[in-house]
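Residue-level listing of the chains:
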Amino acid sequence: QVQLVESGGGLVQAGGSLRLSCGASGSISGFSINAMGWYRQAPGKQRELVARINSGGTTTYGDSVKGRFIISRDNAKNTVTLQMNSLKPEDTAVYYCRLDSSRGYYWGQGTQVTVSS
């Protein structure tokens, strides 16, 4: 069993910054971790990609966060961090960490990010 533990969500004013962290633990030895990333889901909307980073360090960002968010990863510690800058009210959502592995996808429970105008 793989567990993903997220932290760092909260309430911030527009223009502010937040940093999300996600750590993987449990039965993660014995299979390969291909990528880790962050997705978000706002009320009434589908879950969407925020940012993703693969084991080689290649990053992918959703169009709405390019230039504002930065994803980084510590492969040795199996952690991924999302630095969110210049936050906007439309960034308000539940943010989920996802681990992509040779055994499939694993999701965290989510952390709420609320940006006030």
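What you are looking at is a predicted structure, and each value in this text was computed from that prediction instead of being measured.

## A look at the sheet that holds strand S3 (residues 18-26)
Here is step 1 of the chain: Strand order in the open sheet formed by four strands is S1-S3-S8-S7, and the pairing between neighbours is antiparallel. Only two strands of the sheet have a single partner each, and these edge strands are strand S1 (2-7) and strand S7 (69-74). Neighbour-to-neighbour, the strand axes of the sheet open up by a mean angle of 15°, direction not taken into account.
Here is step 2 of the chain: Note: S1 against S3, six bridges, orientation antiparallel. Bridge pairing links Val2 to Gly26 in S3.

## Remarks on the nonpolar core
If you look at soluble globular proteins, the nonpolar side chains tend to sit buried side by side.
Here is step 1 of the chain: Within the largest apolar cluster, 30 residues are counted, with the highest numbers of intra-cluster contacts made by Met36, Trp38, Leu82, Met84 and Tyr95.
Here is step 2 of the chain: Elements supplying a minimum of two residues to this core: S1, S3, strand S4 (33-41), strand S5 (48-54), S7, strand S8 (79-84), strand S9 (93-101) and strand S11 (111-116).

## Re the pairing of S3
One face of the sheet, then the other: side chains in a regular strand alternate in exactly this way.
Here is step 1 of the chain: Pairing geometry for S3 and S8, over six bridges, is antiparallel. Within the sheet, the bridge partner assigned to Ser21 lies in S8 and is Thr81.

## Details of the state of the cysteines
Here is step 1 of the chain: One pass over the structure, following the stated rule, counts one disulfide.
Here is step 2 of the chain: Residue pairing for Cys22: its cysteine sulfur links by disulfide to Cys97, the two sulfurs lying 2.1 Å apart. The sign of the -80° torsion about the S-S bond sets the Cys22-Cys97 disulfide as left-handed. With Cys22 in strand S3 and Cys97 in strand S9, this pair connects stretches of sequence that are 75 residues apart. Pair check on accessibility: Cys22 and Cys97 agree, each one buried.

About the criteria used
- Residues numbered from 1 in each chain as written.
- Predicted model: local features only at pLDDT ≥ 70, side-chain atom pairs only at ≥ 80, totals over all residues.
- Heavy atoms only, no water.
- Pairing = 2+ DSSP bridges.
- Helix = DSSP H or I, 4+ residues; strand = E, 2+ residues; numbered from the N terminus.
- Axes fitted to C-alpha atoms, helices over the stretch in contact; angles between N-to-C directions.
- Core = buried A, V, L, I, M, F, W, Y, C linked by side-chain atoms within 4.5 Å.
- Buried < 20%, exposed > 50% of the residue type's maximum accessible area, 1.4 Å probe, protein only.
- Disulfide = S-S within 2.5 Å.

Don't take any of this as a statement about function, it's just geometry.
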